[in-house]
Amino acid sequence: MKIWLDGGLQDIESARVSVFDHGLTVGDGIFETVKAVGGKPFALTRHLDRLTRSARGLGLPDPDLDEVRRACAAVIEANPMPLGRLRITYTGGHGPLGSDRGEHGPTLVVALGETGRRPDSTAAITVPWTRNERGALTGLKTTSYAENVVALARAHEQGASEALFANTVGQLCEGTGSNVFVVLDGEIHTPPVASGCLAGITRALVVEWTGAKETDLPLDVLERADEVFLTSTLRDIQAVHRVDSRELRGTGPVTAKAMRIFDERAGDDLDP
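With that settled, the discussion passes to the environment of Leu-172. With respect to the secondary-structure elements, Leu-172 resides in strand 9 (residues 172-175). Taking the C-alpha atoms as reference points, Leu-172 and Thr-138, separated by 34 residues in sequence, lie 15 Å from one another. Excluding anything up to four places from it in sequence, Leu-172 contacts Phe-165, Ala-166, Val-180, Val-182, Pro-191, Ser-195, Leu-217, Pro-218, Leu-219, Val-221 and Leu-222.

This part covers helix 4 (residues 146-157). Compared with the 16 Å implied by 1.5 Å per residue over 12 residues, the 17 Å span of helix 4 between its first and last C-alpha is a close match. For helix 4, the full list of buried residues reads Asn-148, Ala-151 and Ala-155. Looking straight down helix 4, one finds that the buried residues subtend no more than 70 degrees of arc, so they occupy a single side. For helix 4, exposure combined with an orientation more than 90 degrees from the buried face picks out Ala-146, Val-149 and Glu-157. Residues of helix 4 that are buried in the fold lie against strand 7 (121-131) and strand 8 (162-167). In the stretch just after helix 4, Gly-159 is the one whose phi turns positive, near 75 degrees.

This part covers the pairing of strand 6 (residues 107-114). Two elements, strand 1 (residues 2-5) and strand 6, share two bridges in a ladder whose sense is antiparallel. Within strand 6, the position partnered with Leu-5 by the bridge is Val-109. Relative to strand 6, strand 5 (residues 83-91) is paired through eight bridges, and the arrangement is antiparallel. If you follow Thr-89 over to strand 6, its bridge partner there is Val-109.

With that settled, the discussion passes to the packing of aromatic side chains. Counted according to the given criterion, the structure contains four aromatic pairs. Between Phe-181 and Phe-229 the ring centres are 4.9 Å apart and the planes differ by 10 degrees, which places this aromatic pair in the stacked class. Here Phe-181 is found in strand 10 (residues 179-184), whereas its partner Phe-229 is found in strand 13 (residues 227-232), with 48 residues between them in sequence. Considered together, Phe-181 and Phe-229 belong to a single accessibility category, that of buried residues. Ring geometry for Trp-209 against Phe-262: centres 5.4 Å apart, planes inclined by 50 degrees, an arrangement best described as tilted. Of this pair, Trp-209 sits in helix 5 (residues 201-210) while Phe-262 sits in helix 6 (residues 253-268); the two residues are 53 residues apart in sequence, bridging distant segments of the chain. Aromatic ring contacts, followed pair by pair, group Phe-42, Trp-209 and Phe-262 into a single cluster. One residue, Arg-87, lies across the ring of Phe-31, its end atom 3.9 Å from the ring centre. Sitting above the plane of the Phe-165 ring, Arg-131 keeps its charged end 4.0 Å from the centroid.

A word on the environment of Gly-92. Inspection of the secondary structure puts Gly-92 in the loop between strand 5 and strand 6. On the basis of relative accessible area, Gly-92 is assigned to the buried category, the value being 8%. With residues up to four places along the chain from it excluded, the contact list for Gly-92 reads His-22, Asp-28, Leu-60, Arg-101, Gly-105 and Pro-106.

To continue, consider the state of the cysteines. A full pass over the atoms with the stated rule returns zero disulfides. Sulfur of Cys-197: no disulfide; nearest cysteine sulfur belongs to Cys-173 and is 5.4 Å away. Taking relative accessible area as the criterion, Cys-197 reaches 1% and is therefore assigned buried.

Cut-offs used in this document
Residues numbered from 1 in each chain as written. Predicted model: local features only at pLDDT ≥ 70, side-chain atom pairs only at ≥ 80, totals over all residues. Heavy atoms only, no water. Helix = DSSP H or I, 4+ residues; strand = E, 2+ residues; numbered from the N terminus. Contact = heavy atoms within 4.5 Å. Expected span 1.5 Å × (residues − 1). Buried < 20%, exposed > 50% of the residue type's maximum accessible area, 1.4 Å probe, protein only. Arc of directions from axis to C-beta. Pairing = 2+ DSSP bridges. Phe/Tyr/Trp six-rings, centres within 6.5 Å; stacked < 30°, edge-to-face > 60°. Lys NZ or Arg CZ within 6 Å of the ring centre and 35° of its normal. Disulfide = S-S within 2.5 Å.

Structure follows, in structure tokens:
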């Protein structure tokens, strides 16, 4: 297994990042997860655009996107696999043991891990913690992910693969690593970015390709929605057959149609 670290490919056994890297010590970093299908990244341009937005939001220098593209291509070529999780991590680099940044410049790591196709449907739970729609990191895909780790662990304890958050005013927001959609009277709705959710790449494509509406939704919409589904880079579109103790029909007709549309459009263009 080879990864890209600060300018070139390295063996995973010998690649080293400083123990003083700000991404490790204070979570000062950003990342993207890109699906690699048959040796090709999906929607890479959109992911790199968001990587730049996240860097600017965190006050990091703009990443060199030409280098990131070279790194992605090199890592995919060096580690052939049918379906992979391509992880781009960009941190504040070597720094002091506090919130101030050092002057060594950022760290770039690109790695690839094999993955499998997700099940057509899954279970989700709601959690008592909230997303802060007005926080300094709102809308940025940062490495400060411990809140998601805690929530996802609770989901796993309850036989679910995702935990869903409300925001501070009680509106449905997002999952730990996914966006959430609901079907009401045959129409698809998803929380707007203003709710505090991440502007997911798959989310944006689903909105564009299905005509889904961005709507402020109370958290209890999950108790009455006809169908619920999740979107993310590795889930694509995944139906939800249970939310907390409420059983749903699984892959309902609207969700199934959205899945077909997504698969067709994504198959036609790997960089939409």
